Amino acid sequence: MTENSVEKSPNVELNWARVGEKWRKKWAESRIFESEPQSHKKKYFLTVAYPYPNSPQHVGHGRTYTLADVHARYKRMKSYNVLFPMGFHYTGTPIVSMSQRIKSNDLELIEIFKQIYKIPTKIISSFKEPKKIASFFHEEIKHGMIEMGYSIDWTREFTTIDKGYSKFISWQFRNLRKNGLIVQGSHPVGWCPQDQNPVSQHDTIGDVEPELTEYVLVKFKFEEQYILPTATLRPETIFGVTNLWINPDIKYVIALVNNEKWIVTKDAAKKLEFLNLSISIISEIDGFELIGKSAFDRLRNKHIPIFPASFVDPYSGTGIVMSVPAHSPYDYQALVDLRKDADILKKYHITVDIAPIKVIHSDTFLSNDRSPAESIVASYSITDQNDSKLEEATNKLYSDEFHNGILLPDIAIIGNLSVVKARETIREKIINEEIGATMYELKNAVKCRCGTPCVAKLLTNQWFINYGDEGWKKLAHELVNNMEILPEEIRQEFMNVIDWLKERACARKSGLGTKLPWDNEWIIESLADSVIYMAYYPLSRYISNIIDSQNSEHKVLADNLSDSFFDYVLLGKNDPDLVAKDSKISVHLLEKIKNEFLYYYPVDSRHSGRDLVPNHLVFFIFNHAAIFTKNKWPKQIVVNGSVLMEGKKMSKSLGNIIPLRHAIDEFGADSIRLTMLSSAEILQDSDFSFDLVKGIRSKLFEIYRTISDHKNIFTTTQNSLDHNELEDTWFSSRIQHIILDTTSAIEKFRIREALHNILYLMDNDLQWYQKRKLAKNKSKYNNYLKEFFDIRIKLLSPFAPFFCEEVWEIMGNHSFISLAQWPEANNSKISLEAEDNERLIQDVILDIQKITKVTKIVPKKIMIYTSSTIKSIIYKKLLDKMQRRSTANFGVLMKEFVNDNEVKDFVKRNPDLVKKMIDDILSESLEVRHRRMKTNSFNELIPLQDAISLLISEIGNQQLEVRIYSEDNNDKYDPKQKSKFARPYKPAIYIE
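None of the values given here were measured: they were computed from a predicted structure.

Please clarify how the sheet that holds strand E31 (residues 861–866) should be interpreted in this entry.
Backbone hydrogen bonds are what pair the strands of a sheet, in a parallel or an antiparallel way. The sheet built from three strands is open, its strands ordered E32-E31-E33 with mixed pairing. In this open sheet, the two strands that pair with only one neighbour each are strand E32 (961–966) and strand E33 (988–991). Averaged over all neighbouring strand pairs, the angle between strand axes comes to 15 degrees, with direction disregarded. As judged from the six bridges shared by E31 and E32, these two strands associate in the parallel manner. Each residue of the ladder has a partner; that of Lys861, found in E32, is Glu961. Docked against the sheet, helix H29 (residues 832–855) engages E31 and E33, running at close to 40 degrees with respect to E33.

Structure below.
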């Protein structure tokens, strides 16, 4: 417990640490978050990505889990039987890699454990055993989740190396294989040369997904005996190649590649070794030795020159680039620059007398005189190859030609084909004729957890899940089309991933996890065994991984589980008597397990971070579509952005990784929860800072202090009022609106908006209400305030559960607010007129203050004039016409008015006034316009008369004389004829 855990003010103290400890204990003792099937009650099954226990969770991890917990708590208060369980994902290589680093005395990792995570040296030394790492961080993460107040049902906890879970995953994989969705073959993967394993997101430092690039290698002949292979993503442009680029300042190697002598960079030779090519380095050659010579294009049967280019990256592709200046802005500009560089031309004895060769047509670039690349370079005013605008120009041209381009009709083989079709046609031709090949490369720099840089490798005899299967893709699209995705704007991202996803390696030779059932040399990888685990939660508490004689009648032993058990429970297949006998359990227990699964499944909501859309979340969709019947497909996915620390990505190198439990100990869970959720809407990155945490905590303490000041209203019966004051009706109406707006925001997962309503808009309403009461010398202790506080704490409860339980108790309640009923709006208490009343008063006060500030007048008299009846009639007619005709055109509206006998005379005399009324209406929100349309009549005199005492109080002169007149009043005091300027909802004001 730290000093920061206590908040104090005169007569009020709040110890955040003790409050957290108190309610954690009460929740655990009462087991209020454990869920049992209840046939009479609607269920809500909600899951969030189970954590990987290779380090403590930090503040950045907390957002996804907190959002899920808010959702669970909200649904529980909405009377759902909520199941919110948690497991732990031990599978994969990261824990094993970490253990190996500890064994090798990796000082960097040991320092991170000591300095950032504050782990004692004795415990760190035990991390040489992988399961010790997993077990330690498992408990650390679990304690953090409990301390954060997550309302998890821990009776369903499991790990992915539990024997029962492995049986479940083996069943999943046998199902996929039986359906032809697991195949063995040669496919490119991200690869760790050290571990000799494929790598995916969970296997890399920083959880970076390896991204593969597939190049076509075009083999140009050089001096008869050598091959100059160029890596390209656009083989259809080969007919536009004018030259090759080589970097004169780097060394290349001559390598024997499958009986051909290739000239490539050293780095390229190493990369080619991982693509199952036989590589033998013969000798080195300097790049400048090749400049000025020519290469032979075997497809077009012509020679092309080799030019120098320092921009050629030795670490990209083969280090040799084919130049297509008609369709590549970089190539075009490089040739322009080379022509101008007399020193280079002289040095290599070369001349640049080539012209771009146009091969692709698109409607965007129609010039006959200039190539597309020349046109776009000119439009961007690019001056040389170092111009930063070149990248944008290149992306724009490539995109346009890919989507809209057609090969020119005189181009051999691929003329008149679309770029997409031409690319595939020419690729196939040059590979079949052995004047081309395929090369794979990692797009991004990725390191394995062991610290080794990863490469692209072509694996043979590797097991893959075939996400490229067209029938499976169709099912996945159907699932997505029938589920809710929040926020909706990310739906297309899911669709795109489904479309481009292909075969994916699903097994490794090392790491923790389940062995591939039919080939025990392989272990199922972490993004393959974590896609339908939600189905295991309803079963998990009935499966025992060890022999337990005391619970043998109530559990099934993992050793006795077979595919027939999972087929029956999860898919409804097989005979229950035979399954029970095979599993060595009673039919009664088997039926109980099955009914529990049927009660909770499908998943009602799945929470995860946006970074998992390209892998885990889409795999979740694919695998549910393949294995389960449609009535068991998940109903909703909720995706959130990540967390920044004071505007920067969280990183150990930046020193801004804050372990979650340390932050809780310092500031309390509720403040951290609210800060994570209130700084951004769901898909945006949340910018976390401890200054924000302190501000939020001060806001909570302010609420605590206010309720403490009013706590007698919860313990004593308030006198019922003879009649409602105007502000009472307004206050009650505002409470109903807050309930409606906040509920709607939560349902749509506009969490920031919901919290803004609760923390700030409700404060504004309370302050105005108390100001009105004080001006009238009325008691501030009444049932309206009691209702306000009751509603506010209930609305806040899913977000700040510890705080709200404590306040709920102070308010005299003996139940858990976590189980209280979510507030329901009472429509009979909504008063449109009351909302306009108080808005009018606020606007008039603001106008008076502006006038006195500008004129420097110290008012002795204030006259307020409300608009005449005829103006009110015109205003209402304008509202109606503007809404029904969806027009605010002054001329159109005036034409209608001059034919309206009720108002035509006034309108003809006062057209400017009508124009101002139109502007008044347009300045209001649609909500306000609709509200005023529904109000039959609005007498502005009533609220203004009611607020005279407040007006005097706000101006600060108790001797002030305030009078309210209608413009229609013939006896009004109006020495300056100000009343004629009054408009509906815009009273005129005269000050002496």
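Got a minute to help me understand the packing of aromatic side chains in this structure?
Each aromatic ring pair is characterised by the separation of its centres together with the angle its planes make. Summed over the entire model, instances satisfying the criterion amount to 53 aromatic pairs. Residues Phe88 and Trp154 carry aromatic rings whose centres are separated by 6.4 Å and whose planes lie at 15 degrees to one another, so their mutual orientation is stacked. Here Trp154 lies in the loop between helix H6 (130–147) and helix H7 (163–178) and Phe88 lies in the loop between strand E4 (81–83) and helix H3 (94–103), a separation of 66 residues in the sequence. An identical accessibility class is assigned to Phe88 and Trp154; each is buried. Here the aromatic rings of Phe688 and Phe690 are separated by 5.4 Å at their centres, their planes lie at 90 degrees, and the arrangement is edge-to-face. Under the relative-accessibility criterion, Phe690 is labelled buried at 18%. These aromatic residues form a ring-pair network of at least three members: Tyr50, Phe158, Tyr165, Phe168, Trp171, Tyr533, Tyr536, Tyr537, Phe565 and Phe566.

Just checking my understanding: could you explain the pattern of salt bridges for this structure?
Once the charged atoms of two side chains with opposite charge are near each other, the side chains can pair. Taken as a whole, this structure holds 69 salt bridges when the rule is applied. Between Lys78 and Glu824 there is a salt bridge whose closest N-O contact spans 3.8 Å. Of the two residues, Lys78 sits in the loop between helix H2 (62–77) and E4 while Glu824 sits in the loop between helix H28 (801–810) and H29, which places them 746 residues apart along the sequence. On the basis of relative accessibility, which here comes to 23%, the residue Lys78 falls in the partly exposed class. Glu824 gets classed as exposed once you look at its relative accessible area, which sits at 56%. Between Asp559 and Lys163 there is a salt bridge, with the nearest N and O atoms lying 3.1 Å from each other. A residue pair is termed long-range when its members are at least 10 positions apart, and Asp559 in the loop between strand E25 (556–557) and helix H17 (563–571) and Lys163 in helix H7 qualify at 396 residues. Judged by its relative accessible area of 46%, Asp559 is partly exposed. In this structure Lys163 comes out as partly exposed when scored by relative accessible area, which is 39%. Within the structure, one salt-bridge network assembled from shared partners comprises Glu725, Glu727, Asp728, Arg772, Lys773, Lys776, Lys778, Glu838 and Asp946.

Sorry if this is basic, but what is going on with the side chain of Lys43 here?
Position of Lys43 relative to the elements: it lies in strand E3 (residues 43–48). Here Lys43 falls in the buried class, since its relative accessible area comes to 14%. Within the structure, the side chain of Lys43 is placed 2.7 Å from the backbone oxygen of Pro602, a separation counted as a polar contact. Polar contacts involving the side chain of Lys43 include one to the side chain of Asp604, which spans 2.6 Å. Those residues within four positions of Lys43 in sequence are excluded, and the remaining contacts are Tyr80, Asn81, Tyr599, Tyr600, Tyr601, Pro602 and Asp604.

How should I be thinking about the packing of H29 against helix H34 (residues 926–934) in this particular structure?
Contact geometry of H29 with H34 gives a least axis separation of 9 Å together with a crossing angle of 120 degrees. Classified by the angle between their axes, H29 and H34 sit oblique to one another. Crossing handedness for the pair H29 and H34: left-handed. Residues Leu832, Glu835, Asp836 and Arg839 of H29 form the contact with H34, whose own contacting residues are Val928, Arg931, Arg932 and Lys934. When grouped by side-chain class, the residues that make up the contact of H29 with H34 number two nonpolar, no polar and six charged.

What am I meant to see in the environment of Glu838 here?
Counting through the fold element by element, Glu838 comes out in helix H29. Along the primary structure Glu838 and Ser671 are separated by 167 residues, whereas in three dimensions their C-alpha atoms are 33 Å apart. Once residues lying within four places of it in the same chain are set aside, the contact partners of Glu838 are Leu726, Glu727, Trp730, Trp768 and Arg772. Among the polar contacts made by the side chain of Glu838, one reaches the side chain of Arg772 at a distance of 2.9 Å.

About the thresholds
- Residues numbered from 1 in each chain as written.
- Predicted model: local features only at pLDDT ≥ 70, side-chain atom pairs only at ≥ 80, totals over all residues.
- Heavy atoms only, no water.
- Pairing = 2+ DSSP bridges.
- Helix = DSSP H or I, 4+ residues; strand = E, 2+ residues; numbered from the N terminus.
- Axes fitted to C-alpha atoms, helices over the stretch in contact; angles between N-to-C directions.
- Contact = heavy atoms within 4.5 Å.
- Phe/Tyr/Trp six-rings, centres within 6.5 Å; stacked < 30°, edge-to-face > 60°.
- Buried < 20%, exposed > 50% of the residue type's maximum accessible area, 1.4 Å probe, protein only.
- Salt bridge = Lys/Arg side-chain N within 4 Å of Asp/Glu carboxyl O.
- Polar contact = N/O pair within 3.5 Å; in protein donor to acceptor, adjacent residues only side chain to side chain.
- Parallel < 35°, antiparallel > 145°, perpendicular 65-115°, else oblique.
- Left-handed = near helix turned anticlockwise from the far one by under 90°.
- Nonpolar A, V, L, I, M, F, W, Y, C, P; charged D, E, K, R; others polar.

Fair warning: the whole summary comes from geometry, so function is off the table for now.
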